[in-house]
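Structural features, examined
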Amino acid sequence: MDPAFKEMERKMDVTQKSTMELLALAREYLQPNSRKGFDSK
């Protein structure tokens, strides 16, 4: 494998990891833990 392919593969891995983290945070933001507000009262 040539260096350009290895670099592209590395960039794809980083992009995939970032996308998965973003999706997890978006789900948490859109569906917050509703019990959290009740526990503090």
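The name an unreviewed UniProt entry gives the protein chain is BAR domain-containing protein, with Oikopleura dioica as the organism.

Now for the overall build of the protein chain. Counting its regular elements, the protein chain contains 2 helices and 0 strands. Per-residue burial for the protein chain yields a buried fraction of 0% across its 41 residues. Of the roughly 4300 Å² of accessible surface on the protein chain, a fraction of 61% belongs to carbon and sulfur atoms.

Together, Met1, Phe5, Met8 and Met12 make up an exposed nonpolar region whose accessible area comes to about 480 Å². By the element assignment, Met8 lies in helix H1 (residues 3–30). Since its relative accessible area comes to 48%, Met8 is described here as partly exposed.

Turning next to the pattern of salt bridges. Taken as a whole and assessed by the stated rule, the structure comprises 1 salt bridge. The salt bridge partner of Arg10 is Glu7, with a shortest N-O separation of 2.7 Å. Separated by 3 residues within a single helix, Arg10 and Glu7 lie in helix H1, roughly one turn from each other. On the basis of relative accessible area, Arg10 is assigned to the partly exposed category, the value being 45%.

Thresholds, definitions, all that
- Residues numbered from 1 in each chain as written.
- Predicted model: local features only at pLDDT ≥ 70, side-chain atom pairs only at ≥ 80, totals over all residues.
- Heavy atoms only, no water.
- Helix = DSSP H or I, 4+ residues; strand = E, 2+ residues; numbered from the N terminus.
- Buried < 20%, exposed > 50% of the residue type's maximum accessible area, 1.4 Å probe, protein only.
- Areas by Shrake-Rupley, 256 points an atom, 1.4 Å probe, with all protein chains shown as cover.
- Patch = residues over 30% accessible without salt bridge, like charges linked within 9 Å, V, L, I, M, F, W, Y side chains within 5 Å.
- Salt bridge = Lys/Arg side-chain N within 4 Å of Asp/Glu carboxyl O.

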